[in-house]
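Understanding the architecture of this molecule
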Amino acid sequence: MGLIEDYIISLVNLQGIIQKDMVIKIYNRQNDDKIKNISLTEMKVDNQKLDEEYLKQNKIEAIDDYFVHYVVNDAEIFEKLKENKEEAPYYIPKKEILLKYKDDKYFEDYEEYYDLKNYIKENYLDDEKKLNDVMAILRNLVKIYKKNDDLVETFINELNIENITKNSLTTLSEKLLEFTLHTKSWWRNGYSTEELLIIMRESNDKYKKSESEMNEVEKYLIAAVNLYGTIHKDKFIDIYNHYHKDNKIMNLDTEYLLADETPISMDILKANFIEQYDDYFVNDALINYEDTVEYLKMKKNKPYYIPNKTEFIKYLDSYYFEKDKHYYELLNFVKKEIVKGDKEYAEEILDDIQIGCSMSNKFSTIMNEFQRRGIIFDSEDQVRKLSELVIKFYNNTRMWENNGHTPNEIRRLSNLNKPKKKVGRNDPCPCGSGKKYKKCCMNKEKN
């Protein structure tokens, strides 16, 4: 065994899977003795044989061009992890830290780990060995699996807890959520969720600082994708020209990214989470082939919501959305009844609910925003009232699949476009008065 094997093991323990060329890149960045090639068919590094037995003892196998932890034995999980590796940055610590990951039990210290551990020790478990085992199980659940909705249940089952008070469960859930947000994950390329959010915010801030450097076409294209989710180049030309009657564009070349003679920066689009799909510009949350095709089907033949110019350009900010009375009714209920006056927390929850609504997620998925935060409801009546307010908010949220319209607006537009049935003189009046049409509304309509 040699240093390169230690790198492979360390990187796989940190990342779950890692492409052979990425191993070369990281190794060469941190070491003077450079390597040129890794062959997985011959299991060689340049002309030197890899110690396959040592890798197997450390639960490493080779699949395609990747070194893979044996836990990733499901083809679907492997493919999804590969997608993640392409979409997010890698966490690569300094050499002395990275090589500590050769021990699959190693983790970098973080406050939320010890905060949760101390809480469990004080309230549930004083056996240090058992406590460390439980913490390792929880940490591995976050590290290895994409969904962590069962952390509370796992904890209760591991400790065989039969009775737990509501207040204790609420506090435990909050601490587990913080623990989850700060635990490094294979699904975040070795980062924690919180670390990745900070990187994304910094990237977004960097884009905001350069907003003045954007040309008009770039600004309106970003706003259009934020509002509509996807937009065809020809529809974008129509919308852009609607707002720029004195300075129209005639053509948008998606191969060379030119609106007439005006260049569009792909770097600026990517910084704003926009990708290309054929002649469409697409929010990268939908860039998965099946998602894009499905959304294009749902959007087909639906009219576009075209706000006034002032309102439209607000969508240049990816966090912007309209806040009507239904938003504030739900916000006030969540703040007062669910999170006991914490307005900032209530706003954070509604931001996530709004994203789910705009993407037309299922009602159960939207309500899961409360469950994943470990929120315990007081009663069935509270859940019923909350559900009613969420449904109203959902029906008045601007949705990508509705080309920016709300579900209520789409229903009204649909009813307006239905052919009206002709009413005979002697038919019951459509107004519901019980009179004949000729004795009721017919003369009113003529007048």
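Because the structure is a prediction, the values reported are computed rather than measured.

How each quantity is defined
- Residues numbered from 1 in each chain as written.
- Predicted model: local features only at pLDDT ≥ 70, side-chain atom pairs only at ≥ 80, totals over all residues.
- Heavy atoms only, no water.
- Salt bridge = Lys/Arg side-chain N within 4 Å of Asp/Glu carboxyl O.
- Helix = DSSP H or I, 4+ residues; strand = E, 2+ residues; numbered from the N terminus.
- Buried < 20%, exposed > 50% of the residue type's maximum accessible area, 1.4 Å probe, protein only.
- Pairing = 2+ DSSP bridges.
- pLDDT = per-residue confidence, 0-100.
- Contact = heavy atoms within 4.5 Å.
- Expected span 1.5 Å × (residues − 1).
- Axes fitted to C-alpha atoms, helices over the stretch in contact; angles between N-to-C directions.
- Parallel < 35°, antiparallel > 145°, perpendicular 65-115°, else oblique.
- Left-handed = near helix turned anticlockwise from the far one by under 90°.
- Nonpolar A, V, L, I, M, F, W, Y, C, P; charged D, E, K, R; others polar.
- Polar contact = N/O pair within 3.5 Å; in protein donor to acceptor, adjacent residues only side chain to side chain.
- Core = buried A, V, L, I, M, F, W, Y, C linked by side-chain atoms within 4.5 Å.

1. Concerning the pattern of salt bridges
Tallied over the full model, the rule gives 22 salt bridges. Of the charged contacts in the structure, one is a salt bridge between Asp 381 and Arg 384, with a shortest N-O distance of 2.5 Å. Taken together, the residues Asp 381 and Arg 384, both in helix 19 (residues 380–395) and three residues apart, mark about one turn of the helix. Among the residues examined, Asp 381 registers a relative accessible area of 35% and is labelled partly exposed. Ionic contacts of the salt-bridge type, sharing partners, join the residues Glu 348, Asp 352, Glu 369, Arg 372 and Arg 373 into one network.

2. As for the sheet that holds strand 4 (residues 48–49)
Strands sit in the order 2-3-4 across an open sheet of three strands; the sheet is antiparallel. In this open sheet, the two edge strands, each paired with only one partner strand, are strand 2 (38–39) and strand 4.

3. Considering the confidence of the model for the protein
Summary statistics for the protein give a mean pLDDT of 87 and a share of 93% for residues scoring 70 or more. Across the protein, helix 12 (residues 233–243) holds the top mean pLDDT of 97, while helix 21 (residues 441–446) sits lowest at 61.

4. Here's the deal with the environment of Met 250
Residue position: Met 250 is located in the loop between helix 12 and strand 8 (252–253). In the structure, Met 250 is positioned 16 residues away from Asp 234 in sequence and 9.3 Å away in space, judged by C-alpha atoms. Beyond its immediate chain neighbours, meaning those up to four positions away, Met 250 contacts Ile 237 and Asp 260.

5. Looking at unusual backbone geometry
With glycine set apart, most residues show a phi of negative sign, and most peptide bonds adopt trans. Despite not being glycine, Asp 46 has its phi angle at roughly 55°, a positive value. By secondary structure assignment, the location of Asp 46 is in the loop between strand 3 (44–45) and strand 4. Since its relative accessible area comes to 30%, Asp 46 is described here as partly exposed. Residues other than glycine seldom take positive phi values, yet Asn 189 does so here, at roughly 55°. Here Asn 189 is to be found in the loop between helix 9 (166–181) and helix 10 (193–209).

6. Considering helix 9
Taking 1.5 Å of rise per residue, the 16 residues of helix 9 would be expected to cover 22 Å, and the 23 Å separating its terminal C-alpha atoms lies within 8% of that figure. For helix 9, the full list of buried residues reads Ser 168, Leu 169, Leu 172, Ser 173, Leu 176, Leu 177, Phe 179 and Thr 180. Here the buried face of helix 9 lies against helix 6 (111–123), helix 7 (128–144), helix 8 (151–158) and helix 17 (343–358).

7. Some details on the pairing of strand 12 (residues 280–283)
With three bridges connecting them, strand 7 (residues 230–232) and strand 12 associate as antiparallel partners. Looking at the pairing, Ile 231 lines up with Phe 281 of strand 12. Of the strand pairs in this sheet, strand 11 (residues 274–277) and strand 12 are connected by four bridges, and their pairing is antiparallel. Within strand 12, the residue paired with Glu 275 across the bridge is Val 282. In this structure, the hairpin formed by strand 11 and strand 12 is closed by a connection of two residues, where Asp 278 is found at a positive phi of approximately 55°.

8. Some thoughts on the packing of helix 16 (residues 325–338) against helix 19
Relative to each other, helix 16 and helix 19 sit at 155°, their axes nearing to 8 Å. Here helix 16 is positioned roughly antiparallel relative to helix 19, judged by the angle of their axes. Here the hand of the crossing between helix 16 and helix 19 comes out left-handed. Contacts between helix 16 and helix 19 involve His 326, Tyr 327, Glu 329, Leu 330, Phe 333, Val 334, Glu 337 and Ile 338 from the former and Gln 382, Lys 385, Leu 386, Leu 389, Val 390, Lys 392 and Phe 393 from the latter. Residue composition of the contact of helix 16 with helix 19, grouped by class: nine nonpolar, two polar and four charged.

9. Section: the environment of Glu 409
Mapped onto the secondary structure, Glu 409 falls in helix 20 (residues 407–417). Owing to a relative accessible area of 18%, Glu 409 belongs among the buried residues under this scheme. Between the C-alpha atom of Glu 409 and that of Ile 18, which follows or precedes it by 391 residues, the distance is 47 Å. One polar contact links Glu 409 to His 405, side chain to side chain, over a distance of 3.2 Å.

10. Things to note about the nonpolar core
Ranked by internal contacts, the top residues of the largest apolar core, which has 29 residues, are Leu 221, Ile 231, Phe 236, Ile 264, Phe 281 and Phe 312. For this core, the secondary-structure elements that each account for two or more residues are helix 11 (216–228), helix 12 and helix 13 (266–271). Counting residues per element, this core draws most heavily on helix 11, which supplies nine residues. Here Phe 236 is in contact with Val 217, Tyr 220, Leu 221, Ala 224, Ile 231, Ile 249 and Leu 252, once residues within four sequence places are set aside. In terms of nonpolar packing, the next biggest core, distinct from the first, is built from 28 residues, Leu 50, Leu 55, Tyr 91 and Leu 98 among them.

11. So, the sheet that holds strand 8
A sheet is described by the order of its strands in space; here three strands give the open sequence 8-9-10, paired in antiparallel fashion. In the strand order of this sheet, the two ends are held by strand 8 and strand 10 (262–263), each with one partner. Here strand 9 (residues 258–259) pairs with strand 10 via two bridges, running antiparallel. Bridge assignment links Leu 258 to a residue of strand 10, and that residue is Pro 263.

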